[in-house]
Amino acid sequence: MAQCDLVIRGGSVFDGLGTPPRLADIGITDGRVTVISASALPDGARTVDATGKWVMPGMLDVHTHYDAEVLGNPGLGESVRHGVTTVVFGNCSLSTVYSEAEDCADMFARVEALPWDAVHAAVKEHKDWDGPHAYARTLAARPLGANVAALLGHSDMRVAIMGLARAVDAAARPTEVELDRMREMLSDALDAGFLGLSTIRSSFSKLEGVRFPTRQLPSTYATWREYRALNDILRQRDRIHQSTPNLTARVEIARYFAESAGRPFRKPLKTTLIAGMDVKADRTVARAATTAAWIANTVGGAQFRWQHLPVPFEVYADGIDLVVFEEFGSGVAALNIRDVMKRGELLADESYRRQFRQDLSKKYGPRVWHRDLYDAQIVACPDPEVIGKSFGEVADERGIHPADALLDLTVEHGAQLRWRTVIANDRDEVMDRLQCSPVVQVGFADSGAHLRNMAFYNFGLRMLERVHRRAFMPLETAIHRLTGELADWYGLDAGRLTEGARADIAVIDPAGFDGSSAAYAEAPVPGIDGLDRMVNRNDRAVAATIVAGHLLYEYGTFAPGFGTTIHAGTFLKAS
């Protein structure tokens, strides 16, 4: 046989379909898997020794906010280095398809904790498209590392039609002409291969910028009539509705179930929401959410999935810059003040503090953050005496309320005060159940967002390490959940390792599962001077990441030309 471009030799090959592995060599030519053989293949132009390693389809990350980053840094190296070969962006109603740079920056910056200037500059510099077809062509022409796929953001579309002022006015409604135009824009995006539509209802979602900094994202102001008009198109085309519900109005989730339901003479609507988590603040949430989804799918004929992060949901904060403070009034009041000095004055005010203490002390009502300041550890501070202690411990030493300990240290040290807490997914046995649940899909890494708050770029590796360690599901099932299952549900040409398939492959070295995958790390943000972001570094676990037959990454080292001259990934269209 003719020499292959690349041969992967002697690994345990997983097909991504849930089939047990087999020892085999893989031959790749022209970006496709041409042969999988139990007999040894001749060396290729390049050969990867996979002895003792797992050879599997590249993983999918279906919940990212790389929309701005992909424009200036198309390699998306933080995902590629962890065996991810396909990412989906345009989540949570946010995309850069229709809106101009200032609108995009206002919409992305606060809710996704991204620098306003960076989002604005990326869109302003690189936007040369006038709609979804040109957007897809622009991305496909860039030197992508991972493949990309996209949802169309409802907020993006709404602003382009109504203007930002009307789009965030609770009293404003789109005219019939404007609603028809939204239908046309969505249909055009689906024709261009977009996976579907993303919306948001969350009260956490606030605008940044100087125009409407206290308003929520445009999609939250839409009526369910507007959603239904767009859902009808998605349903007809078998495409996806992704959304973030308002967790302070949980009864509203029933509307998502009703929209997703299949009825006589009506197709079900593929619907995926964030997030299926074991929340510390309410231990009933995980079971209630999966039970409700199971009923909606089995009785109502819905196509509903919760997105689940398969690792502990650990977050970090600089001072009080953390999205969970959007949950309650005094937290919102502080975050609404962007000037550091003025915010400090508010936090020092005793009347404000009384309200803050009351908000933290509330025991009932829907919430995500447990608000237990004894479960919030200080990891960095100019005052070395408090490092390693919780705010509760500091309060006990000083004879004050834990809320005052947090506020005192924030007023004194600002963003130099850094602390961490785990909000959800802290119990292994509950995570095991969630990761085995048929109403849950593995996602919600939020890759590319919340740069100083969290890093889950390696969520797939950490799930595989958990399975390897705990054996709560067969390894081939875990790989299927991270690859083929997601590809099938989203309608993507990905997630399979079979002859004729795209050669998007991860070679995983289980010897690298040494417990370091959860360790804290930071690295500079490409293209943003002076800003470090949280990242993951477990380079011994990924022997190779291959996209379209290009060997992009091996054990911590990227190929020369990665993200600049190598055109490996492409824009994957919904099938």
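Residues numbered from 1 in each chain as written. Predicted model: local features only at pLDDT ≥ 70, side-chain atom pairs only at ≥ 80, totals over all residues. Heavy atoms only, no water.

**Some remarks on the overall build of the protein chain**
A count of helices and strands for the protein chain gives 20 helices and 23 strands. Its C-alpha atoms give the protein chain principal-axis dimensions of roughly 80 × 60 × 50 Å. Of all 575 residues assigned to the protein chain, the portion counted as buried reaches 61%. Sequence-distant contacts in the protein chain: of pairs separated by 6 or more residues, those separated by 24 or more amount to 74%. Summed over all atoms, the accessible surface of the protein chain reaches about 20900 Å², with 52% contributed by carbon and sulfur. Between the centroid of the 63 positive side chains of the protein chain and the centroid of its 74 negative side chains there is a distance of 5 Å. (Helix = DSSP H or I, 4+ residues; strand = E, 2+ residues; numbered from the N terminus. Buried < 20%, exposed > 50% of the residue type's maximum accessible area, 1.4 Å probe, protein only. Contact = heavy atoms within 4.5 Å. Areas by Shrake-Rupley, 256 points an atom, 1.4 Å probe, with all protein chains shown as cover. Lys, Arg positive; Asp, Glu negative; His and termini not counted. Charge placed at Lys NZ, Arg CZ, Asp CG, Glu CD.)

**Thoughts on the UniProt feature "domain: Amidohydrolase" (unreviewed entry) in the protein chain**
Taken from the UniProt record, the annotation "domain: Amidohydrolase" (unreviewed entry) applies to residues 46-201. Between the C-alpha atoms that bound residues 46-201 there is a distance of 49 Å. The span itself is 42% helix and 18% strand. (UniProt positions renumbered as here; feature names shortened; annotations may be inferred.)

**Section: the sheet that holds strand β16 (residues 418-424)**
Read across the open sheet, the 3 strands follow the order β14-β16-β15; overall the sheet is antiparallel. The two strands at the open ends of the sheet, each matched to only one other strand, are β14 (313-318) and β15 (377-380). The mean angle between the axes of side-by-side strands here comes to 35°, regardless of whether they run parallel or antiparallel. In terms of strand pairing, β14 meets β16 through 6 bridges, oriented antiparallel. Looking at β16, one finds that F313 is bridged to A424. (Pairing = 2+ DSSP bridges. Axes fitted to C-alpha atoms, helices over the stretch in contact; angles between N-to-C directions.)

**Notes on the nonpolar core**
Counting residues in hydrophobic clusters, the biggest one holds 137 residues, and the most contacted among them are F313, F325 and W419. Look past the residues within four positions of F325 in its chain and what remains in contact with it is I320, G331, V332, L335, F356, W369, L406 and W419. The next biggest cluster of nonpolar side chains, apart from the first, holds 19 residues, and it includes I28, I36, I505 and I546. (Core = buried A, V, L, I, M, F, W, Y, C linked by side-chain atoms within 4.5 Å.)

**Digging into the environment of T545**
Structurally, the position occupied by T545 is in strand β21 (residues 542-547). Expressed as a C-alpha distance, the spacing of T545 and G83, which sit 462 residues apart in the sequence, is 5.4 Å. Apart from residues lying up to four places away in sequence, T545 is in contact with V80, G83, V84, T85, I505, H550, L551, L552 and Y553.

**A look at the side chain of D446**
Structurally, the position occupied by D446 is in the loop between β17 (440-442) and α18 (459-470). As a buried residue without a salt bridge, D446 has its nearest oppositely charged side chain in R533, at a separation of 12 Å. The contact partners of D446, leaving out residues within four places of it in the chain, are H63, T64, H65, E112 and M454. (Salt bridge = Lys/Arg side-chain N within 4 Å of Asp/Glu carboxyl O.)

**Side note on helix α16 (residues 402-413)**
Turn by turn, an α-helix covers 3.6 residues, leaving residues three or four places apart pointing in a common direction. Here α16 contains 12 residues, and its C-alpha end-to-end distance of 17 Å stays within 8% of the 16 Å for a straight helix at 1.5 Å per residue. Taking burial as the measure, the 12 residues of α16 include 9 buried ones, the bulk of the element. The complete set of buried residues in α16 reads P402, A403, D404, A405, L406, L407, L409, T410 and H413. Buried residues along α16 sit against α13 (340-348), α14 (350-361), β15, α15 (391-398) and β16. Where α16 terminates, the next one or two residues include G414, which has phi positive at roughly 55°. (Expected span 1.5 Å × (residues − 1).)

**Notes on the sheet that holds strand β7 (residues 84-89)**
Within a sheet, adjacent strands bond to each other through the backbone by hydrogen bonds, running parallel or antiparallel. Strand order in the open sheet formed by 3 strands is β6-β7-β8, and the pairing between neighbours is parallel. If you trace the sheet from one side to the other, it starts and ends with β6 (59-61) and β8 (147-150), each paired once. Taking each pair of neighbouring strands and ignoring which way they run, the sheet shows an average axis angle of 20°. Summarising the sheet, β6 and β7 pair through 3 bridges and their orientation is parallel.

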